[in-house]
Amino acid sequence: MLAKRFGTEIEEKWQEEWDRRGTYTFNGLDEREPYSIDTPPPFTSGELHMGHALSYSYFDFVARYKRMRGYNVFYPQGWDTQGFPTETKVEKKYGRLPREEFRKKCEEWSAQMIDKMKESMIKLGFSPDWKHQYRTLDKEYHRKVQLSLHIMYDKEMVYRGEHPVFWCYKCRSALAKSDTEDLERETLLNHIKFTGPEGEELIIATTRPELMYACVAVMFHPEDERYKHLEGKEITTALGKKVKAIADKDVDKEYGSGLLMVCTFGDKQDIVWAYRHKLPILSILDENGKLKGTGEFDGLKPKDAKEKIIEKFKEEGKLVKQEKLPQVVKVHDRCKTPVEYALSRQWFADITKHKEEIKQMARKVKWFPEFGISYLDNWADSVEWDWVISRQRHFGTPIPFYYCEKCNATEKADSLPFYLESAPEKECRCGGKMKPEESVLDCWVDSSITPLIIAGWPDRKGWEKLYPASLRPQGVEIVRTWAFYTIYRSGLGVTGEKPWDSILLNGNVLAPDGRKMSKSLGNVISPMELLKEYPADALRQWAALSGAMAKDRPFSYEDIKFAKSFLNKVWNASRFVQGNLEGYDGSKPQKLGTVDKWMMESLNLAIEECTDAMEGFEFNRSMRKLHDFFWHDFCDDYLEYVKYRMYGSDAESKKAAQYVLHEALFSFLKLLTPISPHICEEIYHELFGGKEGNTITFAPWPKAGERFREEYEKVEPMRTLISKIRQEKSSSQLSQGAEIVLTSPRIELEPELLDEVKNIARIKEINEGEFGIKAVEDKKEESK
RNA sequence: GAGCCCGUGGUCUAGCGGUUAUGACGCCAGCCUUACACGCUGGAUAUCCCCGGUUCGAAUCCGGGCGGGCUCACCA
């Protein structure tokens with residue numbers, strides 16, 4: 001017998017059972033069509049947040065659905081381990097350590113975090129293949145990342161070069177834009193006197209006067225009447241240096257004086273201009289971020305130099321005025337130090353050259369929702385520089401190259417995996433010594449080959465059969481990084497073929513107030529906290545309901561409460577069915593009543609709708625249909641309609657009802673299984689002959705059966721009439737079980753259905769007349 | 001500023017050319033009907049953001065506003 005209530009103990013029982021049996025282990029290719037899922041490896045922070053709960057539920061729905069559709073589902077779990085956040089945590093705990101020891105601690109820490117997260121994921125009922133896990137810190141993973149870079153190097157896609165990059169002087173590392181965040185602050189806009197070709201006074205506006213030593217040009221808008229005549233002429237800066245005046249449409253006439261100086265580099269726009277107009281690049285910051293080559297201000301930090309140089313200009317009468325200006329500066333998200341642009345020798349990947357090819361390859365992938373591709377297009381269109389793939393950090397994949405300090409030649413490492421500690425010495429053709437690269441790779445370099453990793457590239461036999469992966473599910477906010485870089489590396493760089501057939505985008509979870517969840521706002525909800533009050537199956541239903549594709553949705557307690565009560569409904573209805581299936585042998589009855597056929601047709605419609613929804617990853621649509629079908633048609637109506645037959649003496653009629661109860665509930669459970677597997681598994685084993693070792697999670701997905709369209713429509717007026725009688729009982733303050741005499745105008749129903757009405761609504765007799773009901777008196781007396 | 005998404009009862013949501021405009025939560029009334037009071041039966045609540053247009057007919061299509069969200073660029 002089903003227990004009185006459904007809850008966590010039952011869920012845990014099945015989680016352990018699935019694990020014990022290895023239910024979801026991929027046992028290699030077989031006669032079934034494979035379906036592989038390129039699941040996001042979460043960053044190993046140790047905590048599972050609501051975003052994870054939502055997106056991993058999404059992936060799990062797909063995996064479970066596809067299994068039931070008969071695919072050989074390959075659903076491995078990866079872990080993204082390397083990067084700044086881990087280093088920061090470990091550094092905080094152990095302080096600065098020698099390179100190798102530090103890496104070891106990082107590895108230990110990651111392993112602990114993985115254990116924590118895995119435990120949480122199991123509690124949510126996720127069904128990845130725990131036998132096929134990968135971690136980006138593994139030697140094997142390193143080897144493949146490095147190999148993929150060698151391949152790209154041979155195609156001249158990866159190179160060492162000198163380019164402006166984001167630079168954190170505190171951490172002494174190049175940074176990607178994604179490692180930065182914005183800080184609002186107030187600064188001063190300084191108006192400073194320069195000298196024109198005729199010795200006339202020209203005013204430029206700048207927030208970074210200390211960079212004037214790196215000034216390489218003065219610019220104005222081509223249609224600015226004030227300055228038009230300066231084009232190509234020489235201007236003398238306040239420091240006495242001569243630079244050219246250049247017209248450029250990106251200059252804002254209205255801003256400051258309409259005249260500006262270009263320094264290498266004060267901001268991003270300077271870089272654009274420097275490259276556009278092929279200006280010389282002067283570097284006036286040394287490796288510690290202090291000024292050099294200025295003479296008087298050498299060794300000062302920019303901030304101090306700024307004060308000094310302003311003082312100097314003031315004294316010389318070259319400072320015209322200062323205005324307060326609100327400004328947004330980029331700071332390194334880990335240490336909050338303002339980021340500078342610096343010309344630096346780094347490793348790059350040539351994404352600028354391949355923008356169009358990336359966009360083209362993205363078109364070969366099916367996007368869910370379709371508009372998702374626009375995120376990638378927009379990003380590709382805005383890419384201006386190559387991707388800096390090197391980081392001056394420790395916990396990352398080593399860059400498998402050598403370079404010559406003398407002539408800057410580069411060469412691949414001879415054997416992989418390559419580690420600095422064990423790198424053999426090499427000599428350069430120029431006679432110089434080759435240095436093994438000390439930097440490590442950006443984490444996106446690691447994660448942009450996951451489709452290759454899971455396929456088993458390059459050594460596992462038959463890896464080509466698992467590439468492209470069937471599906472890449474991921475968050476919409478990392479289209480510009482993860483999806484973009486994966487197409488570029490796995491697709492263009494290594495295989496020349498798209499990395500996946502389809503991509504499914506999910507949005508983010510907001511706090512119930514509609515704002516982002518953040519620790520500082522104190523509005524964070526944790527899935528593990530929710531699990532104390534709600535079953536995992538309810539949390540998963542919440543995910544299905546929230547998952548309007550690629551759309552952010554606030555977390556909703558209403559949804560999860562509703563999900564919980566729905567589970568309760570499913571449970572109790574199943575208990576009722578279980579009680580009434582006693583003595584039923586499972587065989588098909590001689591004939592079905594019209595009401596039975598109505599139920600079967602309603603089931604057909606639910607199967608069709610859910611199948612269609614699941615095929616398009618519209619889990620909320622499927623879930624909604626399951627609510628409608630089960631709660632209203634099956635429980636509220638069919639169960640009630642059938643009760644008198646269950647308690648009655650007509651054995652044939654009872655058997656027909658039993659058959660329909662059995663079929664409808666079983667099919668419904670299968671439709672619900674991908675979303676809420678635990679409850680379905682338990683009921684399956686209790687009611688539907690689930691034997692030891694069986695699982696509903698591999699049951700074939702239901703198909704619509706014999707159609708009863710005509711009966712379905714015939715029953716509608718009957719349902720309306722019953723609803724009217726129920727209403728009448730309600731407003732007469734009668735219990736629904738009360739026996740009545742019905743007065744009604746002529747009722748247009750077939751005798752069979754009219755009989756049903758009489759039995760269902762407990763009507764003793766029907767008189768013709770104005771619509772009304774009367775309780776059968778003595779019944780009331782009896783109950784008193 | 002640019003691109004994308006969105007604006008439907010108090011709240012959230014479905015619908016995307018003709019519906020008495022879906023459902024959930026909440027609210028109100030009645031009902032302990034042998035699965036479920038975490039329930040059942042009903043009820044009230046909507047100028048479908050605004051203004052134009054297309055159409056016999058628009059929440060639904062088009063144009064323009066206004067408002068919100070996300071991503072990007074934010075300026076010397």
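See above for the structure.
These notes cover the structure that comes with them. Keep in mind that what you see is a predicted model, and the values were worked out from it rather than measured. (Residues numbered from 1 in each chain as written. Chains lettered and ligands numbered in written order. Predicted model: local features only at pLDDT ≥ 70, side-chain atom pairs only at ≥ 80, totals over all residues. Heavy atoms only, no water.)

Each helix and strand counted, chain A has 22 helices and 29 strands in total. Taken over C-alpha atoms, the radius of gyration comes to 35 Å for chain A, far larger than the 28 Å a tight globule of 784 residues would show. Dimensions of chain A, computed from the C-alpha atoms along their principal axes, are close to 115 × 60 × 45 Å. Counting every position in chain A, which comprises 784 residues, the buried fraction comes to 55%. Sequence-distant contacts in chain A: of pairs separated by 6 or more residues, those separated by 24 or more amount to 78%. Split by element, the accessible area of chain A, about 35,400 Å² in all, is 47% carbon and sulfur. In chain A, the 120 positive side-chain charges and the 129 negative ones have mean positions that sit 2 Å from each other. (Helix = DSSP H or I, 4+ residues; strand = E, 2+ residues; numbered from the N terminus. Rg over C-alpha atoms; globule rule 2.2 N^0.38 Å. Buried < 20%, exposed > 50% of the residue type's maximum accessible area, 1.4 Å probe, protein only. Contact = heavy atoms within 4.5 Å. Areas by Shrake-Rupley, 256 points an atom, 1.4 Å probe, with all protein chains shown as cover. Lys, Arg positive; Asp, Glu negative; His and termini not counted. Charge placed at Lys NZ, Arg CZ, Asp CG, Glu CD.)

Quick look at the side chain of Asn-72 now. Examined against the element boundaries, Asn-72 turns out to sit in strand 2 (residues 72-74). Among the polar contacts made by the side chain of Asn-72, one reaches the side chain of Arg-32 at a distance of 3.1 Å. (Polar contact = N/O pair within 3.5 Å; in protein donor to acceptor, adjacent residues only side chain to side chain.)

Moving on: helix 5 (residues 139-154). The end-to-end C-alpha separation of helix 5 is 22 Å, in line with the 22 Å expected for 16 residues at 1.5 Å each. Along helix 5, the residues classified as buried are Tyr-141, His-142, Arg-143, Lys-144, Val-145, Gln-146, Ser-148, Leu-149, His-150, Met-152 and Tyr-153. A positive phi of about 60° marks Glu-156, the residue just after helix 5. (Expected span 1.5 Å × (residues − 1).)

Right, let's talk about the nonpolar core for a bit. By size, the foremost hydrophobic cluster in this structure holds 121 residues, and its most contacted members are Phe-630, Phe-634, Tyr-638, Phe-668 and Met-718. Tyr-638 has contacts with Val-595, Asp-596, Trp-598, Met-599, Asp-633, Arg-645, Ala-657, Val-660 and Leu-661, leaving out every residue within four places of it along the chain. (Core = buried A, V, L, I, M, F, W, Y, C linked by side-chain atoms within 4.5 Å.)

Here the focus is the pairing of strand 28 (residues 763-768). The pairing of strand 27 (residues 740-744) with strand 28 spans 5 bridges and is classified as parallel. Among the inter-strand pairings, Leu-742 is bridged to a residue of strand 28, identified as Ile-766. (Pairing = 2+ DSSP bridges.)

So, about the side chain of Asp-60. Of note, Asp-60 is situated in helix 2 (residues 50-68). A residue is classified by how much of its surface remains accessible, and Asp-60, at 0% relative accessible area, is buried. Apart from residues lying up to four places away in sequence, Asp-60 is in contact with Tyr-75, Gly-125, Phe-126, Ser-127 and Arg-540.

Taken together, 49 residues are adjacent to RNA strand B, and Lys-177, Asp-252, Tyr-255, Arg-480 and Trp-631 come closest. Sugar plus phosphate, as a fraction of atoms of RNA strand B within 4 Å of the protein: 70%. Here a sugar or linking oxygen of RNA strand B and a side-chain polar atom of Asn-572 are 3.2 Å apart. In this structure, Glu-640 approaches RNA strand B through a side-chain N or O atom, which is 3.4 Å from a base nitrogen. Elements supplying a minimum of two residues to the surface near RNA strand B: strand 8 (201-206), strand 12 (260-263), helix 6 (268-276), strand 13 (319-332), helix 9 (373-382), helix 15 (557-580), helix 17 (619-647) and helix 20 (709-731). Grouping the constituent residues of the surface near RNA strand B by class yields 17 nonpolar, 15 polar and 17 charged. (Near = heavy atom within 4 Å. Nonpolar A, V, L, I, M, F, W, Y, C, P; charged D, E, K, R; others polar.)

What follows deals with the sheet that holds strand 20 (residues 426-427). Pairing is antiparallel across the open sheet formed by 4 strands, whose spatial order is 19-18-21-20. The outermost strands of the open sheet, each flanked by one partner alone, are strand 19 (410-412) and strand 20. Of the strands in this sheet, strand 18 (401-404) and strand 19 touch helix 5, which is tilted by about 130° from strand 19. (Axes fitted to C-alpha atoms, helices over the stretch in contact; angles between N-to-C directions.)

Here we take up empty space enclosed by the protein. Taken as a whole and assessed by the stated rule, the structure comprises 2 cavities of 30 Å³ or more. Looking at the largest cavity, its volume works out to about 90 Å³. Together, 13 residues line the largest cavity, and Thr-264, Phe-265, Ser-283, Ile-284 and Tyr-341 are the ones closest to its centre. Approximately 40 Å³ is the volume found for the second largest cavity. In terms of lining, the second largest cavity is formed by Arg-99, Arg-103, His-394, Pro-398, Tyr-419, Leu-420, Glu-421 and Val-440. Residues of the lining of the second largest cavity, tallied by class, amount to 4 nonpolar, 1 polar and 3 charged. (1 Å grid on protein atoms, 1.4 Å probe; cavity = no way out; pocket = protein on both sides within 12 Å on 5 of 7 lines; lining within 4 Å. Points joined across faces, edges and corners; volume = space filled by probe spheres on them.)

For the rest of this paragraph, the subject is the packing of helix 9 against helix 12 (residues 479-495). Any two packed helices are characterised by how steeply their axes cross, that is the angle between the axes, and by the distance between the axes. In contact at an axis separation of 10 Å, helix 9 and helix 12 are set at 80° when each is read in the N-to-C sense. One way to sum up the angle between helix 9 and helix 12 is to call them roughly perpendicular. Of helix 12, the residues touching helix 9 (which contributes Tyr-375, Leu-376, Trp-379 and Ala-380) are Val-479, Arg-480, Ala-483, Phe-484 and Ile-487. (Parallel < 35°, antiparallel > 145°, perpendicular 65-115°, else oblique.)

Now for the environment of Lys-366. Within the secondary structure, Lys-366 sits in strand 15 (residues 366-368). Along the primary structure Lys-366 and Asp-585 are separated by 219 residues, whereas in three dimensions their C-alpha atoms are 47 Å apart. If near-sequence neighbours (up to four positions away) are discounted, Lys-366 is found in contact with Asp-501, Ser-502 and Ile-503.

Attention now goes to the pattern of salt bridges. Pairing between side chains of opposite charge can happen when their charged atoms approach one another. Applying the stated criterion to the full structure yields 54 salt bridges. Residues Arg-208 and Glu-210 are paired through a salt bridge, measuring 2.8 Å at the closest nitrogen-oxygen approach. Like Glu-210, Arg-208 is buried. Between Lys-312 and Glu-316 there is a salt bridge, with the nearest N and O atoms lying 3.5 Å from each other. Residues joined in a network through salt bridges with shared partners are Asp-633, Asp-637, Glu-716, Arg-719 and Arg-726. (Salt bridge = Lys/Arg side-chain N within 4 Å of Asp/Glu carboxyl O.)

Time to look at the environment of Arg-746. Structurally, Arg-746 is set in the loop between strand 27 and helix 21 (751-760). Counting along the chain gives 22 residues from Arg-746 to Glu-768, while the straight-line C-alpha distance between them is 6.3 Å.

What links the strands of a sheet is backbone hydrogen bonding, and the strands pair in either a parallel or an antiparallel sense. If you trace the 4 strands from one edge of the open sheet to the other, you get 6-5-14-16, paired in antiparallel fashion. Both outer strands of the open sheet, strand 6 (173-175) and strand 16 (387-388), are each paired with one neighbouring strand and no more. Examined bridge by bridge, strand 5 (residues 158-168) and strand 6 share 3 bridges and lie antiparallel to one another. Considered in strand 6, the bridge of Trp-167 is made with Ala-174. Contacts from helix 6 reach strand 5 and strand 14 (340-349), with the element oriented near 145° to strand 5.

Moving on, we come to the packing of helix 16 (residues 594-615) against helix 17. At their nearest, the axes of helix 16 and helix 17 sit 9 Å apart, and the two run at 170° to each other. If you check the angle between helix 16 and helix 17, you find them roughly antiparallel. A breakdown of the residues in the contact of helix 16 with helix 17 according to their chemical character gives 15 nonpolar, 2 polar and 8 charged.

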